[in-house]
Amino acid sequence: DVLGHTGGLTLEYKLGKFRFTPQARLKIENERLSYNRARIDTIAHRTNVLPEYEAKIEYLKSWNDRIVFTASYEKTACKLEDQMAYTDDSNPLYIYYGNPLLRDSRKANYNLNYQKTITKAQLMLNANISLTQNYNATGFATIYDPTTGVTRSQRENVKGGHSWIGTTTAEWMATSKI
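The notes below deal with the structure included here. Bear in mind the structure is a predicted one, so any value in this text is a computation, not a measurement.

**A look at the overall build of the chain**
- Within the chain, the regular secondary structure consists of one helix and twelve strands.
- For the chain, the α and β elements follow one another from N to C terminus as β-β-β-β-β-α-β-β-β-β-β-β-β.
- Projecting the C-alpha coordinates of the chain onto the three principal axes gives extents of approximately 75 × 40 × 35 Å.
- Looking at the 178 residues of the chain, the share that counts as buried comes to 24%.
- Counted over contacts in the chain with a minimum sequence separation of 6, partners at least 24 positions apart contribute 56%.
- Within the structure as shown, the chain displays about 12,600 Å² of accessible surface, and the carbon and sulfur contribution to it stands at 57%.
- Looking at charge distribution, the chain has the averaged site of its 23 positive side-chain charges lying 11 Å from that of its 18 negative ones.

**Thoughts on the packing of aromatic side chains**
- Counted under the stated rule, the structure contains three aromatic pairs.
- Aromatic pair Phe18 and Tyr59: ring centres 5.0 Å apart, planes at 40°, arrangement tilted. One end of the pair, Phe18, is in strand E3 (residues 18–37); the other, Tyr59, is in strand E4 (residues 40–62), with 41 residues separating them in the sequence.
- Classification of Phe18 as partly exposed rests on a relative accessible area of 46%.
- Take Tyr59: its relative accessible area is 29%, and that puts it in the partly exposed class.
- Positioned over the ring face of Phe140 is Arg155, at 4.3 Å from the centre of the ring.

**Quick look at the environment of Asn91**
- When you line up the elements, Asn91 lands in strand E6 (residues 87–91).
- The sequence separation of Asn91 and Thr151 amounts to 60 residues, and the corresponding C-alpha distance is 10.0 Å.

**A few points about the pairing of strand E11 (residues 150–158)**
- With four bridges connecting them, strand E7 (residues 94–97) and E11 associate as parallel partners. For Tyr94, the partnering residue across the bridge sits in E11 and is Thr151.
- As judged from the nine bridges shared by strand E10 (residues 137–145) and E11, these two strands associate in the antiparallel manner. Each bridged residue has a counterpart across the sheet, and for Ala141 the counterpart in E11 is Gln154.
- Between E10 and E11, which pair antiparallel and follow one another directly, the connecting turn spans four residues, one of which, Gly149, has a positive phi of 80°.

**Considering the pattern of salt bridges**
- In this structure the tally under the stated criterion is eight salt bridges.
- The salt bridge partner of Arg66 is Glu58, with a shortest N-O separation of 3.0 Å.
- A relative accessible area of 27% means that Arg66 is categorised as partly exposed.
- With relative accessibility at 7%, the residue Glu58 sits in the buried group.
- Each of Arg19, Glu58 and Arg66 takes part in a single network of salt bridges with overlapping partners.

About the criteria used
- Residues numbered from 1 in each chain as written.
- Predicted model: local features only at pLDDT ≥ 70, side-chain atom pairs only at ≥ 80, totals over all residues.
- Heavy atoms only, no water.
- Helix = DSSP H or I, 4+ residues; strand = E, 2+ residues; numbered from the N terminus.
- Buried < 20%, exposed > 50% of the residue type's maximum accessible area, 1.4 Å probe, protein only.
- Contact = heavy atoms within 4.5 Å.
- Areas by Shrake-Rupley, 256 points an atom, 1.4 Å probe, with all protein chains shown as cover.
- Lys, Arg positive; Asp, Glu negative; His and termini not counted.
- Charge placed at Lys NZ, Arg CZ, Asp CG, Glu CD.
- Phe/Tyr/Trp six-rings, centres within 6.5 Å; stacked < 30°, edge-to-face > 60°.
- Lys NZ or Arg CZ within 6 Å of the ring centre and 35° of its normal.
- Pairing = 2+ DSSP bridges.
- Salt bridge = Lys/Arg side-chain N within 4 Å of Asp/Glu carboxyl O.

What follows is the structure, given as structure tokens:
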């Protein structure tokens, strides 16, 4: 069972052709896990505090020409059942181990965007470049034993990575007089 609460704050500050918009959100998740197997009963509780931040800087060169830079940070909690030190062997052919050393994952994103509108030609141009950096991402480590037919798995932190994305779009509207 997960019960979540979210609160946030957004400010906007304008100075000439610049606009600065910082945002902060705080998610609080109360998680409860009831694990009942054979004669072992486990009830675990945990409260996660997950911050999210975002800052946007806009430069409005004119009403139809702008540059926007955005930076954001987000933290994601692992499931409580993945972080508990227990073994689930209810299916003897698939054994799952909890990992008490599992850490929460985090993500930072940076985005630069340029927008231009040419009204006489009814043309809109957009160029965007984005970098996403992942820290402590999680994945499954699975081992299969062919002699016994047993699969063992456990969630583990993997080395984070990054991705670059660049896009350009041009939208043109053809109109005719009726």
